[in-house]
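Coordinate analysis (summary)
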Amino acid sequence: MDVVQWFGAMQAQDVASGHWSLGVRCAGAAETDVLAAFERRELVRTWPMRGTIHIVAAEDVRWLLALAGVRALTGSNRRREQLGLTLADADRAVAALDSALTGGQVLSRTQALAAIVDAGVDTSGQRGYHLLWHAAQTGVVCIGPQRGTDQTFVRLEDWAPKQRSFDREDALAELLLRYVRGHGPVGLRDFAGWSGLTLNDARAAAASNAGRLVPLTDDAEALWATSDLADLLRDGGLAPGPVVALPGFDELILGYKDRGLHVPDGAMDAVVPGGNGMFRSTVVIDGVVAATWTRTLRSKRVDVTVEPLRPLTTSESAGARDSLEQYAAFLGRELRLTTVGD
């Protein structure tokens with residue numbers, strides 16, 4: 001939970017990627033440890049900002065929804081109309097889910113949709129997804145723990161009754177603080193893009209963090225850092241970063257409006273082939289993507305193919321293997337590694 005709260009929220013559109021985003025940042029963790037944190041109700045997946053699924057600490061769901069999730073909910077009228085749904089339909093679906101999940105029930109996606117249908121609301125096409133999303137945005141449900149490959153839903157009030165509370169000014173300040181310490185140095189436009197909040201909100205949050213966060217230059221587009229990181233940078237900078245195998249949809253790439261710091265010129269097509277929104281897993285060296293990788297799960301091993309974007313040195317290749325060995329251990333499998341071009 002500490003890692004998630006450090007970041008504020010972590011991308012989790014893809015379940016397996018979300019698990020490894022946590023695992024790679026928790027030395028020695030196994031996927032079973034991550035799953036256990038969801039089962040213990042410490043972590044949940046929901047749509048706290050930008051209408052996108054993230055992993056968040058269970059106790060942070062409501063204040064994040066009140067701060068950032070409400071913007072996506074307010075802007076959903078047009079999408080609802082496109083789907084042929086009314087606000088009354090959405091409210092009826094929420095009420096049906098609230099009733100079906102009362103008492104700590106855990107429903108599969110199929111069961112949750114069936115409860116909505118029983119209430120007389122059409123869930124065909126994309127309607128079902130939208131109605132589940134709407135129920136989460138209103139704070140009635142959140143995504144529950146995985147049951148095999150099945151997505152589940154739970155009632156937030158039952159699943160995570162203890163919630164932190166902030167007024168809006170303090171919530172803005174808290175979210176920016178978490179974002180900068182997890183992503184910095186970073187610009188306020190990056191924060192606005194990541195959170196779905198406005199640039200004015202970002203500026204107000206920065207003002208509220210005076211002393212904890214500092215701009216590294218005096219211009220309007222300054223990068224911001226925690227005061228500790230700013231001191232390190234002034235004292236000579238940071239040591240080169242490690243070689244790390246990251247999943248697709250990781251914060252290192254999706255957490256920034258400007259991805260040029262981490263993705264070399266011309267490499268975005270390799271990371272997101274065809275610009276289809278499906279981010280591939282990457283090998284990152286000193287914060288910069290140097291290769292992509294794909295996996296195939298077997299019964300006792302994971303087959304990984306690495307595709308370098310440039311020639312890798314011997315030490316870089318060894319570092320990539322080491323990180324992928326950690327990934328295989330995270331899954332409880334052996335690694336079979338193939339590097340294209342070797």
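Refer to the structure above for everything that follows.
Residues numbered from 1 in each chain as written. Predicted model: local features only at pLDDT ≥ 70, side-chain atom pairs only at ≥ 80, totals over all residues. Heavy atoms only, no water.

Considered for burial, the residues of helix α7 (residues 109–118) that qualify are Ala112, Leu113, Ala115 and Ile116. The arc enclosing the buried residues of α7, seen along the axis, measures out at 150 degrees, which places them on a common side. Opposite its buried face, α7 presents the exposed residues Thr110 and Asp118, each directed more than 90 degrees away. At the C-terminal side of α7, Gly120 shows a positive phi close to 90 degrees. (Buried < 20%, exposed > 50% of the residue type's maximum accessible area, 1.4 Å probe, protein only. Helix = DSSP H or I, 4+ residues; strand = E, 2+ residues; numbered from the N terminus. Arc of directions from axis to C-beta.)

Before going further, it helps to spend a moment on the layout of surface pockets. Each pocket or cavity is described by its volume, and for the second largest pocket that value is around 250 Å³. Residue lining of the second largest pocket: 14 residues in total, with Asp14, Ser17, Gly248, Ser281 and Arg295 positioned closest to the centre. Residue assignment for the lining of the second largest pocket shows that the elements contributing at least two residues are α2 (15–23) and β12 (288–297). Of the residues belonging to the lining of the second largest pocket, the class tally is 7 nonpolar, 4 polar and 3 charged. (1 Å grid on protein atoms, 1.4 Å probe; cavity = no way out; pocket = protein on both sides within 12 Å on 5 of 7 lines; lining within 4 Å. Points joined across faces, edges and corners; volume = space filled by probe spheres on them. Nonpolar A, V, L, I, M, F, W, Y, C, P; charged D, E, K, R; others polar.)

Before going further, it helps to spend a moment on the side chain of Arg80. Along the polypeptide, Arg80 turns up in helix α5 (residues 77–82). In this structure Arg80 is buried but unpaired, with Glu81 as the nearest side chain of opposite charge at 6.6 Å. For Arg80, the contacting residues outside a window of four places in its chain are Leu85, Thr86, Leu87, Ala90, His130 and His134. (Lys, Arg positive; Asp, Glu negative; His and termini not counted. Salt bridge = Lys/Arg side-chain N within 4 Å of Asp/Glu carboxyl O. Contact = heavy atoms within 4.5 Å.)

Now for empty space enclosed by the protein. Taken as a whole and assessed by the stated rule, the structure comprises 1 cavity of 30 Å³ or more. Forming the walls of the largest cavity are His19, Leu35, Phe38, Arg45, Gly144, Pro145 and Gln146. The class makeup of the residues in the lining of the largest cavity is 3 nonpolar, 3 polar and 1 charged.

Most of strand β3 (residues 52–57) is tucked away, with 6 of its 6 residues classed as buried. Neither face of β3 is left uncovered, since the one carrying Thr52, His54 and Val56 and the one carrying Ile53, Ile55 and Ala57 both have all their residues buried. Both strand β1 (residues 10–11) and β3 contribute to a ladder of 2 bridges, which runs antiparallel. Bridge pairing links Gln11 to His54 in β3. Pairing of strand β2 (residues 43–49) with β3 involves 5 bridges; the strand directions are antiparallel. Paired with Val44 across the strands is Val56, a residue of β3. Hairpin geometry of β2 and β3 is characterised by an intervening segment of 2 residues between the two adjacent antiparallel strands and by a positive phi of about 60 degrees at Arg50. (Pairing = 2+ DSSP bridges.)

Two numbers describe how helix α10 (residues 168–183) lies on helix α11 (residues 188–195): the axes approach to 11 Å, and their chain directions differ by 110 degrees. Relative to α11, the element α10 is oriented roughly perpendicular. Of the two elements, α10 crosses α11, and the hand of that crossing is right-handed. Taken together, the residues of α11 that come into contact with α10 (itself represented by Leu175, Leu176, Tyr179 and His183) are Leu188, Asp190, Phe191, Trp194 and Ser195. Here the residues of the contact of α10 with α11 sort into 6 nonpolar, 2 polar and 1 charged. (Axes fitted to C-alpha atoms, helices over the stretch in contact; angles between N-to-C directions. Parallel < 35°, antiparallel > 145°, perpendicular 65-115°, else oblique. Left-handed = near helix turned anticlockwise from the far one by under 90°.)

The next point concerns a nonpolar patch on the surface. A contiguous nonpolar surface patch, about 210 Å² in accessible area, is contributed by Leu216, Leu223 and Leu233. Secondary-structure assignment places Leu216 in the loop between β8 (213–215) and β9 (223–226). The partly exposed category is assigned to Leu216, whose relative accessible area is 35%. (Patch = residues over 30% accessible without salt bridge, like charges linked within 9 Å, V, L, I, M, F, W, Y side chains within 5 Å. Areas by Shrake-Rupley, 256 points an atom, 1.4 Å probe, with all protein chains shown as cover.)

All right, on to the sheet that holds strand β14 (residues 334–339) then. Across a sheet, strands are paired by hydrogen bonds formed along the backbone, either parallel or antiparallel in direction. Strand order across the open sheet formed by 5 strands is β10-β11-β12-β13-β14, with mixed pairing between neighbours. Strands with a single pairing partner mark the edges of an open sheet, and in this sheet they are β10 (243–246) and β14. The average angle at which neighbouring strand axes cross in this sheet is 25 degrees, direction not considered. Bridge count between β10 and strand β11 (residues 281–285): 4 bridges; the pairing is antiparallel.

Turning our attention to the packing of aromatic side chains. As enumerated under the stated definition, the model contains 9 aromatic pairs in all. Between the aromatic rings of Trp47 and Tyr129, the centroid separation amounts to 6.0 Å while the plane-to-plane angle is 85 degrees, which identifies the pairing as edge-to-face. Note that Trp47 is positioned in strand β2 and Tyr129 in helix α8 (residues 127–137), a separation of 82 residues in sequence. For Tyr129, a relative accessible area of 33% puts it in the partly exposed group. For the ring pair Phe191 and Trp194, a centre distance of 6.3 Å and an interplane angle of 35 degrees mean the geometry is tilted. Of this pair, Phe191 and Trp194 both sit in helix α11, 3 residues apart, roughly one helical turn. For Phe191, a relative accessible area of 0% corresponds to the buried category. Here the aromatic residues Trp20, Trp293, Tyr327 and Phe330 are joined through ring pairs into a cluster of three or more. One cation-aromatic arrangement involves Arg41 over Trp159; the distance from NZ or CZ to the ring centre is 3.8 Å. (Phe/Tyr/Trp six-rings, centres within 6.5 Å; stacked < 30°, edge-to-face > 60°. Lys NZ or Arg CZ within 6 Å of the ring centre and 35° of its normal.)

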